[in-house]
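Reading the structure
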Amino acid sequence: MKEVNQQFDVASHFVSILEKDDNMSPGIAAMTTLLMVLEKTKFDTVQEFHTTIQSAVRAMRDTDKPMTSVVSGTELFSRFITLAKFDDKTMDEVRDIMLNRGKMFLAKLLESRNVIAKQAITFISDGCRILTHARSRTVREALILAAQHNKRFHVFITHSAPDHHGEQMAAELEKAGIDCTLILDTAIGYVMETVDMVLVGAEGVVESGGIINRIGTVTMAICAREMKKPFYALVESFKFCRLYPLNQRDLPDDYKYNKNTLKDKAKAHPMVDYTPPNYITLLFTDLGILAPSAVSDELIKLYL
């Protein structure tokens, strides 16, 4: 990077955004950071722009934050802002066009959760019992919206070891007046036979339509299928990533482990797992309600 190295600490800015706003996805924080890089750096060529953006993404990937949506989001962001025609433009004009397109792209993505929540609440009925895993901001928004529409339901939430984000999810839902029960991760099978559906978020959606999410998600999905319970994933389209894992080992290490544990993976606890598409009933996205088999077509459209 040119001037941005001296004037702007990419990694620190990215981390500070997430620390200040607990409701922000790492992917959105990464795109917000790239916008700031674009504003603070002058480019002589478009190639220089690409080099700078790649350096900024590498800096963010070197932090200890979840990386799945960072990689997919920044890829889509970079692609979208460079789709305009720049042949007859000066570099200052090119930069202004990119900034405007970036702000427009980000504004649209910030509405994604609300779009997804409106889709999901049509599947939530009075008196139903819902199982969810850990803390998903998108699932939380859907459940709160359903409650605001005077639907009454009960939510079972896993503690989600090792960081126990389920406790935070339960506190947020209870504050919104939603009945909740915190359960042990090992109680999934016990509770599954009593629920009507499973709602989970996702850190990423791969080409097959499977999802990358908090460790324990695949266990919940397998159990749901065996007990014939619908398993729904609520996820924004910027988390669609160009990966095709066949098993857990195929996930990139920096998706599975944070920076502090990468040095000793043999003893590290993976933070995410991969749930194959055959365990997923539907995906609720800002692109619409999708069957897992439709994801590859949507990815092609996103990257055309």
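See above for the structure.
So, here is what we can say about the structure in this document. (Residues numbered from 1 in each chain as written. Predicted model: local features only at pLDDT ≥ 70, side-chain atom pairs only at ≥ 80, totals over all residues. Heavy atoms only, no water.)

Moving on: the pattern of salt bridges. Taken as a whole and judged by the stated rule, the model has 10 salt bridges. When the shortest N-O distance is used, the salt bridge between E39 and K103 registers 3.8 Å. In this pair, E39 is assigned in helix α3 (residues 26-40) and K103 in helix α6 (residues 91-109), connecting sequence segments 64 residues apart. Residue classification places K103 among the partly exposed residues on the basis of a relative accessible area of 42%. R140 is the partner of E172 in a salt bridge, and the nearest nitrogen-oxygen pair spans 3.1 Å. In this pair, E172 sits in helix α9 (residues 165-175) while R140 sits in helix α8 (residues 137-148), placing the two residues 32 residues apart along the sequence. Linked by salt bridges that have partners in common, D22, R135, R140 and E172 make up one network. (Salt bridge = Lys/Arg side-chain N within 4 Å of Asp/Glu carboxyl O. Helix = DSSP H or I, 4+ residues; strand = E, 2+ residues; numbered from the N terminus. Buried < 20%, exposed > 50% of the residue type's maximum accessible area, 1.4 Å probe, protein only.)

Locating S25 in the fold gives a position in the loop between α2 (10-20) and α3. Beyond its immediate chain neighbours, meaning those up to four positions away, S25 contacts L18, S69, R113, R137, F238 and K239. (Contact = heavy atoms within 4.5 Å.)

Moving on: the sheet that holds strand β7 (residues 231-234). Strand pairing within a sheet occurs via backbone hydrogen bonds; the two strands may be parallel or antiparallel. If you walk across this open sheet you meet the 7 strands as β3-β2-β1-β4-β7-β9-β10, and the pairing is mixed. The open sheet has two free edges, formed respectively by β3 (179-183) and β10 (288-290), since each of these has just one partner strand. The mean angle between the axes of side-by-side strands here comes to 25 degrees, regardless of whether they run parallel or antiparallel. Of the pairings in the sheet, the one linking strand β9 (residues 282-285) to β10 comprises 3 bridges and is antiparallel in character. Within β10, the position partnered with T285 by the bridge is G288. (Pairing = 2+ DSSP bridges. Axes fitted to C-alpha atoms, helices over the stretch in contact; angles between N-to-C directions.)

Right, let's talk about the side chain of T217 for a bit. Looking at where T217 falls in the secondary structure, it is placed in helix α11 (residues 217-226). By relative accessible area, which is 0% here, T217 ends up buried. Leave out the neighbours within four places in its chain, and T217 touches H133, V200, I211, F231, D273 and T275.

With that settled, the discussion passes to helix α13 (residues 295-303). Turning to α13, its buried residues number three or more, namely V295, E298, L299 and Y303. Taken down its axis, α13 places every buried residue within 125 degrees of arc, on the same side. Those residues of α13 that are exposed and aimed more than 90 degrees away from the buried face are I300 and K301. If you follow the buried residues of α13, they end up packed against α5 (68-81), β5 (204-205), β9 and β10. (Arc of directions from axis to C-beta.)

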